[in-house]
Amino acid sequence: MSDRQPSAEIGRDRVPGQRRRGPVCEYCGEAVRADQWHRALVPDSSVIHPEDPSFDGKREVHACGPAHLDELIQGARKQWSDEQLWFGRLARASTMPGMRVVSLRRVGDRARLTEEALDRALAWNARRADPDTTLPGGQRLPTTRPESN
């Protein structure tokens, strides 16, 4: 595998104010011709569909060829976090009807999280540089990691 990283300066050679036409490779930033286009669904624990859990954890990526597509797939697999996905599902469940005034455990049940998954999701949030203090539904979150049983 290449040790090349996705370009942090995509579009750096463009004229300011000029829009790039057509699709670009998400790995190298190069424009992609229609006959070169490669795409795939990759795992992404940060993706939570607003309504349909069957779409959670998946994102479409686009690349200029099979080698860059493979790099994008491998990179996505390395970045996966179960806890991040569970926290996203908890956040979505918090906004469902009847969830505004219930406990985190009840919201976790609605999100179909086990007690362990709920604790790990809350711990994941607490470890973040800027953790959420409330869920979108208004439920307050612990600011420290939950104690293990």
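What you see is a predicted model; the values in this text were computed from it and never measured.

Asker: Got a minute to help me understand the overall build of the chain in this structure?
Answerer: If you tally the helices and strands in the chain, you get four helices and two strands. The order of α-helices and β-strands along the chain, N terminus first, is β-β-α-α-α-α. Here the chain, with 149 residues, has 35% of them falling under the buried criterion. Long-range pairs, those at least 24 residues apart, make up 52% of the contacts in the chain with a sequence separation of at least 6. Looking at the chain as shown, the accessible area adds up to about 10,000 Å², and 48% of this sits on carbon and sulfur atoms.

Asker: Just to check I follow, could you spell out the pattern of salt bridges for this structure?
Answerer: Once their charged atoms are close, side chains differing in charge can pair, the charge on each being opposite to the other. Evaluation of the coordinates by the stated rule reveals ten salt bridges. Residues Asp109 and Arg105 are paired through a salt bridge, measuring 2.8 Å at the closest nitrogen-oxygen approach. Of the two residues, Asp109 and Arg105 both sit in helix H3 (residues 104–110), four residues apart, roughly one turn of that helix. The partner of Arg128 in a salt bridge is Asp132, and the shortest N-O contact between them spans 3.7 Å.

Asker: Explain the environment of Asp119 here, please?
Answerer: As for its position among the elements, Asp119 is in helix H4 (residues 115–127). The class of Asp119 is partly exposed, set by a relative accessible area of 24%. Each C-alpha atom, one on Asp119 and one on Glu83, is 9.1 Å from the other, the two residues being 36 residues apart in sequence.

Asker: What should I look at first to understand H4 in this one?
Answerer: Residues spaced three or four apart along an α-helix face the same direction, because each turn holds 3.6 residues. For H4, spanning 13 residues, the distance from its first C-alpha to its last is 18 Å, which sits close to the expected 18 Å at 1.5 Å a residue. Those residues of H4 that sit buried are Ala117, Leu118, Ala121, Leu122, Ala123, Trp124, Asn125 and Ala126.

Asker: Help me understand the confidence of the model for the chain in this model?
Answerer: Low-pLDDT stretches of the model should not have their predicted coordinates read in fine detail. In the predicted model, the chain carries a mean pLDDT of 85, and the fraction of residues at 70 or more is 82%. Across residues 1–18 the pLDDT falls below 50, and counting only partners more than four positions away or on other chains, this stretch makes 18 contacts in the model.

Asker: Can you help me understand the environment of Pro50 in this one?
Answerer: Among the secondary structure elements, Pro50 is positioned in the loop between strand E1 (38–43) and strand E2 (58–63). Classification of Pro50 by relative accessible area gives exposed; the value is 62%. Taking C-alpha positions, Pro50 is 9.6 Å from Ala93, a pair spaced 43 residues apart along the chain.

Asker: Whenever I open this one, the packing of aromatic side chains confuses me. Can you help?
Answerer: What characterises a pair of aromatic rings is the spacing of the ring centres plus the angle enclosed by the ring planes. Evaluation of the coordinates by the stated rule reveals one aromatic pair. Arranged with centres 5.8 Å apart and planes meeting at 45 degrees, the rings of Phe87 and Trp124 form a pair that is tilted. One end of the pair, Phe87, is in helix H2 (residues 82–94); the other, Trp124, is in helix H4, and 37 residues separate them in sequence. This pair shows no difference in class: Phe87 is buried, exactly as Trp124 is.

Asker: It is not clear to me how the nonpolar core should be interpreted in this structure. Could you clarify?
Answerer: Most often, soluble globular proteins have nonpolar side chains that are buried together. Counting residues in hydrophobic clusters, the biggest one holds 18 residues, and the most contacted among them are Phe87, Leu90, Val107, Leu113, Leu122, Leu135 and Leu141. Among the secondary structure elements, those contributing two or more residues to this core are H2, H3 and H4. Excluding anything up to four places from it in sequence, Leu113 contacts Trp86, Leu90, Arg105, Gly108 and Leu118. Core analysis: the second largest hydrophobic core is formed by twelve residues, Cys25, Val32, Val42 and Val61 among them.

Asker: What's the story with the packing of H2 against H4 in this structure? I'm lost.
Answerer: For any two helices packed against each other, one specifies the crossing angle of their axes together with the interaxial distance. Across the interface, H2 lies against H4 with an axial gap of 8 Å and an inter-helix angle of 100 degrees. The orientation of H2 relative to H4 falls into the category roughly perpendicular. Contacts between H2 and H4 pair Glu83, Gln84, Trp86, Phe87 and Leu90 from the former with Ala117, Leu118, Arg120, Ala121, Leu122, Trp124 and Asn125 from the latter.

So, how was this worked out
Position numbers for residues start from 1 in each chain and track the written sequence from start to end. Reporting in this predicted model follows two pLDDT cut-offs: at least 70 for local features of residues, and 80 or more for side-chain atom pairs to be given and counted; totals over whole chains, interfaces and linings ignore these cut-offs and use all residues. Excluded from the side-chain calculations are hydrogens and water; all other atoms, namely the structure's heavy atoms, are used. Segments assigned H or I by DSSP are reported as helices when at least four residues long, segments assigned E as strands when at least two residues long, and all are numbered from the N terminus. Note on exposure labels: buried denotes an accessible area under 20% of the residue type's maximum, exposed denotes more than 50%, and partly exposed covers the range between, all computed with a 1.4 Å probe on protein chains only. Should any heavy atoms of two residues lie within 4.5 Å, those residues are counted as being in contact. Calculation of accessible area relied on Shrake-Rupley with a 1.4 Å probe; when residues are assessed, cover is drawn exclusively from the protein chains displayed. Any carboxyl oxygen of Asp or Glu within 4 Å of a side-chain nitrogen of Lys or Arg constitutes a salt bridge here. Here a helix's expected span is defined as the number of its residues, less one, multiplied by 1.5 Å. Summary of the metric used: pLDDT quantifies the predictor's per-residue confidence within the range 0 to 100. By convention, a stacked pair of Phe, Tyr or Trp rings (six-membered ring in the case of Trp) has centres within 6.5 Å and planes under 30 degrees apart, an edge-to-face pair has planes over 60 apart, and any other such pair is tilted. By nonpolar core is meant a set of buried Ala, Val, Leu, Ile, Met, Phe, Trp, Tyr and Cys residues that side-chain atoms within 4.5 Å join together. Here an axis means a line fitted to C-alpha atoms, over the contact stretch when the element is a helix, while the angle between two N-to-C directions is reported on a 0 to 180 degree scale. Should an angle fall under 35 degrees it is called roughly parallel, over 145 degrees roughly antiparallel, and 65 to 115 degrees roughly perpendicular, with every other angle called oblique.

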